[in-house]
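# Structural features, examined
Here's the letter readout for the chains.
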Amino acid sequence: MIFFCAATTFFRLDLFSYRDEPILFNRASRKLHIFRRRFKWTRPFSRWPVVIDSYDWDCVRGEVKGGAVLMGTVPTTRFQLYLAIADRPGSDTIIDRVPVGGPSLGKDHFQPLWEHIRQYMEADGPPLQHGDTLSRHTRFSHRMAWSAGFFFLDPDYKNQVPSRLGRAIGITTNLLIAPFAMIPGLLAWLSQLSGREPWWPDDVLAAAGGPPLSEPAALALRPAAPPAGQVG
């Protein structure tokens, strides 16, 4: 019975859950909203709730944490940027941590990433532009390659495993386990097809100024450029 409940829960999480857990930054209200899916092991067939956690931006700070992982047969350290939320402004008591973007073998780019978020919330900095993303695995083909164990198909594989010997060992290992790795790759493909898009409650969208504009609508709101030689 325990195995049946666990298998059903994993099946629902993989194929009939939400595709992402996004974060909404509202600089007008200085609030941070986090979309989270919840599941219950003991209720595999019931409706699972969606939780929107909201925090004050003054309680947020950036943290970079690293941990050892196995890349093929070579152990290495991967880093991740987190938004650490304190129980009150200036407190050292952390009540929640939220990952932002994807993990990386290096941590140099996390400082400008955090600075972009901080300036957007505190200094009227620019939002993400069209085509920009905080996540490294933006294309489904990248995510499927990692889910199936075919790491070497990722365009960033050389940067993640700079050693030529390490890449050779990793690719050889991947090819040997290819027949078994196709199963999680197929599940990743099915998950992308059947997964639901996350959504925001009406009150959260209203506080942020409404739903996101399409690119043509956003460009139409830009002020016209002054004629050449004229200072606006």
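An unreviewed UniProt entry lists the protein under the name DUF6708 domain-containing protein, with Chitinivorax tropicus given as the organism.

Take the overall build of the protein next. From N to C terminus, the protein includes eight helices and six strands. For the protein, the succession of helices and strands along the chain, N to C, is α-β-β-β-β-β-β-α-α-α-α-α-α-α. Taking all 232 residues of the protein together, the buried fraction comes to 31%. Sequence-distant contacts, at least 24 apart, represent 56% of the contacts inside the protein between residues at least 6 apart.

Moving on: the side chain of His33. Turning to its location among the elements, His33 is positioned in strand S2 (residues 31–37). Residue contacts for His33: discarding those within four places in its chain leaves Pro22, Ile23, Leu24, Ile52, Asp53, Ser54, Trp200 and Val204.

This paragraph deals with the confidence of the model for the protein. With 66% of its residues at a pLDDT of 70 or more, the protein shows a mean pLDDT of 76. In the model of the protein, helix H3 (residues 140–147) stands out as the element of lowest mean pLDDT, 52, in contrast to strand S1 (residues 23–26), which has the highest, 91.

Looking now at the nonpolar core. Within the largest apolar cluster, 19 residues are counted, with the highest numbers of intra-cluster contacts made by Phe25, Trp57, Val60 and Leu83. Within the residue set of this core, elements represented by two or more residues are S2, strand S5 (74–86), strand S6 (94–104) and helix H2 (110–122). With six residues, H2 is the largest single contributor of residues to this core. With sequence-adjacent residues up to four places away left out, Phe25 is seen in contact with Lys31, Leu32, Trp57, Leu83, Ile117, Tyr120 and Met121. Within the second largest apolar cluster, six residues are counted, among which are Leu24, Phe35, Trp200 and Leu205.

With that settled, consider H2. An ideal rise of 1.5 Å per residue puts 18 Å on 13 residues; H2 measures up with 18 Å between its terminal C-alpha atoms. Restricting attention to buried positions, one finds in H2 the residues Phe110, Leu113, Trp114, Ile117, Tyr120 and Met121. Projected down its long axis, H2 shows its buried positions confined to an angular sector of 125°, all on one face. At the C-terminal side of H2, Asp124 shows a positive phi close to 55°.

Within the structure shown, the criterion is met by 11 salt bridges. A salt bridge links Arg27 to Asp124; the shortest N-O distance between them is 3.3 Å. Here Arg27 is found in the loop between S1 and S2, whereas its partner Asp124 is found in the loop between H2 and H3, with 97 residues between them in sequence. For Glu63, the salt bridge identified is with Arg61, shortest N-O distance 3.6 Å. You can call Arg61 partly exposed: its relative accessible area is 33%. Through salt bridges that share partners, Arg61, Glu63, Asp92 and Arg97 make up one connected network.

Looking now at the packing of aromatic side chains. Two descriptors summarise a pair of aromatic rings, namely the distance from one centre to the other and the angle between the planes of the rings. By the definition in use, this model includes four aromatic pairs. Aromatic side chains Phe35 and Trp199 sit 6.1 Å apart centroid to centroid with 80° between the ring planes, which places their arrangement in the edge-to-face category. Of this pair, Phe35 sits in strand S2 while Trp199 sits in the loop between helix H6 (178–194) and helix H7 (202–207); the two residues are 164 residues apart in sequence, bridging distant segments of the chain. Consider the rings of Trp57 and Trp114, whose centres lie 5.8 Å apart with planes at 25°: the pair is stacked. With a gap of 57 residues between them, Trp57 in the loop between strand S3 (50–56) and strand S4 (60–71) and Trp114 in helix H2 connect regions that are remote in the sequence.

Thresholds, definitions, all that
- Residues numbered from 1 in each chain as written.
- Predicted model: local features only at pLDDT ≥ 70, side-chain atom pairs only at ≥ 80, totals over all residues.
- Heavy atoms only, no water.
- Helix = DSSP H or I, 4+ residues; strand = E, 2+ residues; numbered from the N terminus.
- Buried < 20%, exposed > 50% of the residue type's maximum accessible area, 1.4 Å probe, protein only.
- Contact = heavy atoms within 4.5 Å.
- pLDDT = per-residue confidence, 0-100.
- Core = buried A, V, L, I, M, F, W, Y, C linked by side-chain atoms within 4.5 Å.
- Expected span 1.5 Å × (residues − 1).
- Arc of directions from axis to C-beta.
- Salt bridge = Lys/Arg side-chain N within 4 Å of Asp/Glu carboxyl O.
- Phe/Tyr/Trp six-rings, centres within 6.5 Å; stacked < 30°, edge-to-face > 60°.

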